[in-house]
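Overview (structure and organization)
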Amino acid sequence: MNFDELDAKMRVYEQSIDQVILPDMYMVARLDGNRFTRLTKEICKFEAPFDIRFRDMMVETVKALMNYGFRVVYGYTESDEISLLFHPEENTFGRKVRKYNSILAGVASASFSMNLGQQAIFDCRMVPLTNLRVVQDYYRWRQEDAHRNSLNSHCYWMLRKQGKNVTEATKMLEGQSVAYKNEILFQNGINYDDLPSWQKRGIGVYWDTFEKKGFNPVTGKEETALRRMLKVDEELPLRDEYSEFVVERLENSMKEG
Ligand SMILES: Nc1nc2c(ncn2[C@@H]2O[C@H](COP(=O)(O)OP(=O)(O)O)[C@@H](O)[C@H]2O)c(=O)[nH]1
Ligand SMILES: [Mg+2]
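Residues numbered from 1 in each chain as written. Chains lettered and ligands numbered in written order. Predicted model: local features only at pLDDT ≥ 70, side-chain atom pairs only at ≥ 80, totals over all residues. Heavy atoms only, no water.

Taken together, 16 residues lie around ligand 1, and G33, F36, T37, K41 and D51 are the ones closest in. Between ligand 1 and the protein, one listed contact pairs an oxygen atom with a backbone N or O atom of R35 at 3.4 Å. Within the backbone of P49, an N or O atom sits 3.3 Å from a nitrogen atom of ligand 1. Looking at the shell around ligand 1, the elements that each hand over two or more residues are β1 (26–34) and α2 (36–43). Broken down by element, the residue count for the shell around ligand 1 peaks at four residues, all from α2. (Near = heavy atom within 4 Å. Polar contact = N/O pair within 3.5 Å; in protein donor to acceptor, adjacent residues only side chain to side chain. Helix = DSSP H or I, 4+ residues; strand = E, 2+ residues; numbered from the N terminus.)

Right under this line is the structure:
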């Protein structure tokens, strides 16, 4: 078998499980920190339930992903996860799933690790979404997840800080209602409504255009140019308003091309 024959033969194996995301499908990538329970509690001892250093590293990771070269129009982060929404015309690598999964996981892992100063690993899954309604539901789902997690972890860590062990604290919260959890926090001096919005709703990152004045040495005049910058939003809207907000991010980026 000559090289060309061997090459043709082996390519079939290499490509046998290649998948692409079909045209007209919206694409979201969800990245999740791998073994971050161990990283945040044993290796680094971040403040629980929420640590602003951890939050800032997650935001920096979202920015690194959005600046890497793919057309990401909206990034969202809560806990150790990130959801990226792509421009509908994103077409890098012919929309091959393995390329996005591996490169995005690599970018996130490298960025977070460099900021942290030690190894941190992310996984990535591409999620094809059939229409705008499902894109809205996707982001509402993740925001609802942030909300539930934050209520649970505020309760859990309040109990732990009072001296309850893992089993006791877990048992006390098992099967309890949202009202009950709000109430025990309140009785212990924490008004859940007053906690920072980013802990309850997550954080959005998106492109913002602004005018920048500068001197043009060729024309010898002051000129204004439009610049694109990533904006970090720690006060996201909720429910229906959030759904509309996500669609606006998509529409704004489509206006810009
Ligand atoms: N201490 C601390 N832990 C956090 C923070 N944000 C997320 N985590 C933890 O990150 C983990 C994320 O959950 P999950 O992905 O299910 O766990 P994993 O499989 O171990 O990565 C949970 O254990 C969270 O408590 C934070 O700000 N501080
Ligand atoms: Mg994780």
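On to unusual backbone geometry, then. Between A48 and P49 the backbone carries a cis peptide bond, its omega angle lying at 5 degrees. Along the chain, P49 turns up in the loop between α2 and α3 (52–66). One non-glycine residue, S79, adopts positive backbone phi at about 50 degrees. If you trace the backbone, S79 turns up in the loop between β2 (72–78) and β3 (81–86). Even without a glycine there, the phi angle at R95 is positive, about 60 degrees.

Another aspect to go through is the pattern of salt bridges. For the coordinates displayed, the defined rule picks out 14 salt bridges. With its nearest N and O atoms 2.7 Å apart, the salt bridge here joins R98 to D18. Pair noted here: R98 is in helix α4 (residues 97–116) and D18 is in the loop between α1 (3–14) and β1, with a separation of 80 residues, a long-range link. You can call R98 partly exposed: its relative accessible area is 43%. Residue classification places D18 among the partly exposed residues on the basis of a relative accessible area of 26%. A single salt-bridge network, built from bridges that share partners, covers E78, E81, R142 and D145. (Salt bridge = Lys/Arg side-chain N within 4 Å of Asp/Glu carboxyl O. Buried < 20%, exposed > 50% of the residue type's maximum accessible area, 1.4 Å probe, protein only.)

Any pair of aromatic rings gets described here by the distance separating the centres and the angle formed by the planes. Inspection of the entire model under this criterion finds 22 aromatic pairs. Ring plane angle 65 degrees and centroid distance 5.8 Å describe the contact between F54 and F112, whose orientation is recorded as edge-to-face. Of the two residues, F54 is situated in helix α3 and F112 in helix α4; the sequence distance between them amounts to 58 residues. Across the pair, F112 and F54 agree in class, each one buried. An aromatic cluster is built from Y74, Y76, Y138, Y139, W141, Y206, Y242 and F245, whose rings are joined through pairwise contacts. Sitting over the face of the ring of W141, R142 holds its NZ or CZ atom 4.2 Å from the ring centroid. (Phe/Tyr/Trp six-rings, centres within 6.5 Å; stacked < 30°, edge-to-face > 60°. Lys NZ or Arg CZ within 6 Å of the ring centre and 35° of its normal.)

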